[in-house]
Amino acid sequence: MEWPGRSAAGQGFCACHVCGLVSRLEQDDLAARCPRCNTRLHFRRPDSLHRCWAFLIAAYILYIPANLMIMMETGTLISYRKDTILSGVIHLWHNGNPGIAVIVFIASILVPLFKLVVLTLLLVSVRRGSTWGIKHRILLYRIVELVGRWSMLDIFVVTLLAALVQIQSFATVRAGSGAIAFGAVVVLTMFAAMEFDPRLMWDPLRKEREL
Amino acid sequence: MPEPHKTLIACHECDLLLREIPLPQGKAACCCCCGATLYRNLPDSINRSLALTVAAAILYLIANSFPILGINLQGNGNAVTLLQAVHDLWNQDMPLVSSLTFITAILVPALELCLMLYLLLPLYRGHLLPGTSQVMRLLQTIKPWGMVEVFMLGILVSLVKLVQDFKIIPGVALWSFGGLTLLLAALASSFNPRDVWMHLDIKQRREGL
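Residues numbered from 1 in each chain as written. Chains lettered and ligands numbered in written order. Predicted model: local features only at pLDDT ≥ 70, side-chain atom pairs only at ≥ 80, totals over all residues.

**Q** Could you give an account of the sheet that holds strand β6 (residues 69-73) of chain B, naming the residues involved and the relevant values?
**A** All names here are of chain B. Spatially, β7-β6-β8 is the arrangement adopted by the 3 strands of the open sheet, whose pairing is antiparallel. Every interior strand has two partners, whereas the edge strands, β7 (76-80) and β8 (167-170), have only one. Going from strand to strand, the sheet's axes swing by 20 degrees on average, the running direction of each strand aside. As paired elements, β6 and β8 share 4 bridges and run antiparallel to each other. Across the sheet, residue L69 finds its bridge partner in β8, namely P170. (Pairing = 2+ DSSP bridges. Helix = DSSP H or I, 4+ residues; strand = E, 2+ residues; numbered from the N terminus. Axes fitted to C-alpha atoms, helices over the stretch in contact; angles between N-to-C directions.)

**Q** Describe the interface of chain B and chain A, naming the residues involved and giving the relevant values.
**A** On the chain A side, the residues contacting the 56 residues of chain B number 61 residues. Ranked by residue count, the leading element in the side of chain B that touches chain A is helix α5 (residues 148-162) of chain B, at 9 residues. Classifying every residue of the side of chain B that touches chain A by side-chain character gives 34 nonpolar, 14 polar and 8 charged. Bridging between strand β2 (residues 22-24) of chain A and strand β1 (residues 3-5) of chain B involves 3 bridges; their strand directions are antiparallel. Note on β1(B): the bridge partner recorded for S23(A) is P4(B). (Contact = placed C-beta atoms within 7 Å. Nonpolar A, V, L, I, M, F, W, Y, C, P; charged D, E, K, R; others polar.)

**Q** For the environment of R199(A), give the residues involved together with the corresponding values.
**A** Tracing the chain through its elements places R199(A) in helix α7 (residues 199-210). When the C-alpha atoms of R199(A) and L49(A) are compared, they prove to be 12 Å apart, with 150 residues separating the residues in sequence. In this view, R199(A) contacts R44(A), E13(B), C14(B) and D15(B); residues no more than four positions away in its chain are not counted.

**Q** Summarise helix α6 (residues 178-195) of chain A; cite the residues concerned and give the values.
**A** Between its first and last C-alpha, α6(A) extends 26 Å over 18 residues, near the 26 Å set by a 1.5 Å rise per residue. Here α6(A) lies mainly inside the structure; 16 of its 18 residues are buried. (Expected span 1.5 Å × (residues − 1). Buried ≥ 20, exposed ≤ 12 C-beta atoms within 10 Å, placed from the backbone.)

Encoded structure:
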């Protein structure tokens, strides 16, 4: 694919990320503010890659306890279960509704893993200045932005069940510490995706053309 | 000092510099390089958004004042509102998880609706209150953290998990959350931030003269 025109940054223009107003900006003007809404202007998100890596690495680390530790403890008169995310999904598949099990599997296991892998791929490709498969990479970026929030599903389910199922000694549900790690993974990957500046993916293509 | 340009826009995803063109009603402009949606021309945006915001605010109050679900097991029962659920989880030594639910399902949606009212009520009469650009910036920052639709799915999944062992009593808030999800989706697709910025431009020009 070829870059079809001129980029704002290449022409010394900068679009405000809040109101969208395009202004002409000196290359080294770090304190510049948008004339319309007074937001600080920058050609590219400052330290986008470093911050994105930082959030991503933290998310990778917490991804392990999030999947190994107990998410939810369920106790009734006749049984007592401790469930991680995966064992909860398997239990739901066998003893409940397979359709709902698939939804929980997608939201709690596939989506976080997909986000981690895709963000790593995007970061590595930007670092290498790659122009390969840009159309596919921008699509992956949009999917990550779109689906990230749905991982919060399990946190809401745990909150509701732990509060609701408190019937003396007959039935109790408690949230496990896995829920803390899992919530942190969701929040950290959302921050990582917000820090990533998609315009960085197009810069190598633009430079090829403008040389 | 940065010098504003009136007719140019830049794609927020690929930074392609483009000239803005007027759009027919209901159409959207897409970037010719990466395909991102640049801007939309939404019919009657302010009136519709205001109506939807007021309706959503009413449903929000109902959804947060009544129990979502009740369960019953051989005569022993329990029912919780969303705030009670957050409070109970806090008392079970889960302050982090409980805060996360509080922020994403209670605080951010409420803040979003209040800020929208602050913008849209005066705009309905053609005015703008001070701090409009700060409000717009705050709205943009908190937007990803309002998760009413995910919470709605959470209620449904909990319902399926509970239905084998307990007798379920659906609460008023269950239906209100369903309605709120729909209204917020409609609001997101009818509100056009460009209308607000256009009014701000006019106001600034008038004050500059």
